[in-house]
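# Topology and contacts: notes
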Amino acid sequence: SVNEPLKVMISGAPASGKGTQCELIVNQFGLVHISTGDLLRAEVSSGTEIGNKAKEYMNAGRLVPDEIVTAMVTSRLSREDTKTKGWLLDGYPRSFNQAQSLEKMKIRPNVYIVLDVPDETLIDRCIGRRLDPVTKKIYHLKSFPPESEEISARLVTRPDDTEEKVKSRLEIYKQNAEAISSTYSDIMKKINGNRSKEEVFAEIDALLSLVQKDKEKTTKL
Ligand code: AP5
């Protein structure tokens with residue numbers, strides 16, 4: 001096909017619903033999901049050199065140094081599947097420097113989605129979040145409880161999901177948000193993330209379908 005696949009970035013405060021929406025986006029559009037949080041957590045649990053370096057920053061709710069994360073992302077983006085399926089970048093860039101690294105390599109998305117959720121909601125979402133280490137599914141004790149006793153018994157809590165650490169993660173997000181969105185202001189789309197996950201996805205689905213159609217038009221001209 002002459003059509004280049006979709007390239008999407010999704011951003012938003014901690015627990016704004018990025019991971020939850022990415023699962024739905026991948027099902028619908030078949031993009032390669034690249035989550036720096038997931039990649040880093042995998043390095044930590046395998047006890048790699050990167051993981052050992054990243055661990056202390058993550059557990060403290062601070063950003064892992066740019067050079068570690070940027071090397072990880074660019075190596076993943078250079079794999080062949082991203083060229084045929086397109087990509088969905090989740091949790092990167094998270095600082096002005098990270099955004100500039102991508103700009104220098106001429107890596108740019110077609111659309112920059114920002115999930116907008118009020119602070120009070122974010123804290124509650126983090127405190128109630130649980131992860132299934134087997135299926136990697138994201139749950140919430142109140143909003144999305146596990147389907148069975150078996151799943152419930154194996155769920156884990158993220159070490160950075162305490163109220164104190166969530167507040168620090170949120171603060172760091174706010175300090176960086178403007179510098180990043182200024183890089184992508186021409187393609188930025190803010191979406192109200194304080195609704196049911198189905199409602200949020202309906203809007204993202206419509207947006208990405210439109211972006212895809214526009215791309216096909218430009219390619220044909
Ligand atoms: P990362 O894993 O990216 O964490 P984050 O940005 O804080 O985002 P979260 O994973 O907390 O939330 P989410 O938006 O995915 O929400 P979710 O869908 O789970 O990063 C972790 C750490 O890694 C960082 O702190 C840093 O140390 C390091 N790191 C990562 N990237 C880095 C980078 N680029 N540079 C440097 N360091 C980096 O949803 C949250 C909860 O809410 C769930 O329980 C879910 O079930 C529930 N929920 C979701 N949607 C809804 C809804 N619509 N209604 C009700 N509940 C909902």
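Residues numbered from 1 in each chain as written. Predicted model: local features only at pLDDT ≥ 70, side-chain atom pairs only at ≥ 80, totals over all residues. Heavy atoms only, no water.

Per an unreviewed UniProt entry, the recorded name for the protein chain is adenylate kinase, and the organism is Cannabis sativa.

Right, let's get into the overall build of the protein chain. Helix and strand content of the protein chain: ten helices and seven strands. In terms of overall size, the protein chain behaves like a compact globule, its C-alpha atoms giving a radius of gyration of 17 Å where 221 residues would be expected to give roughly 17 Å. Sequence-distant contacts, at least 24 apart, represent 72% of the contacts inside the protein chain between residues at least 6 apart. Of the charged side chains in the protein chain, 34 are positive and 33 negative, and the gap between their average positions amounts to 3 Å. (Helix = DSSP H or I, 4+ residues; strand = E, 2+ residues; numbered from the N terminus. Rg over C-alpha atoms; globule rule 2.2 N^0.38 Å. Contact = heavy atoms within 4.5 Å. Lys, Arg positive; Asp, Glu negative; His and termini not counted. Charge placed at Lys NZ, Arg CZ, Asp CG, Glu CD.)

What follows is about the packing of helix α4 (residues 66-77) against helix α6 (residues 96-104). As a packed pair, α4 and α6 sit with axes 10 Å apart at the nearest point and diverge in direction by 35 degrees. The two elements α4 and α6 meet at a crossing, and its hand is right-handed. Counting all contacts with α4, which are made through Asp-66, Val-69, Thr-70 and Leu-77, the residues of α6 involved are Asn-97, Gln-98, Ser-101 and Leu-102. (Axes fitted to C-alpha atoms, helices over the stretch in contact; angles between N-to-C directions. Left-handed = near helix turned anticlockwise from the far one by under 90°.)

So, about the environment of Met-188. Its place among the elements puts Met-188 in strand β7 (residues 188-192). The spacing of Met-188 and Ile-10 is 178 residues in sequence and 9.9 Å in space, taken between C-alpha atoms. Ignoring anything within four residues of it in the chain, the contact list for Met-188 reads Tyr-112, Val-114 and Ser-181.

The five strands are arranged β2-β3-β1-β4-β7 in an open sheet whose pairing can be described as parallel. Each edge of the open sheet carries a strand with a single partner, namely β2 (32-35) and β7. With direction set aside, neighbouring strand axes in the sheet form an average angle of 20 degrees. Examined bridge by bridge, strand β1 (residues 7-12) and strand β3 (residues 87-90) share four bridges and lie parallel to one another. Residue Lys-7 lies in a different strand from β3, and its bridge partner there is Trp-87. (Pairing = 2+ DSSP bridges.)

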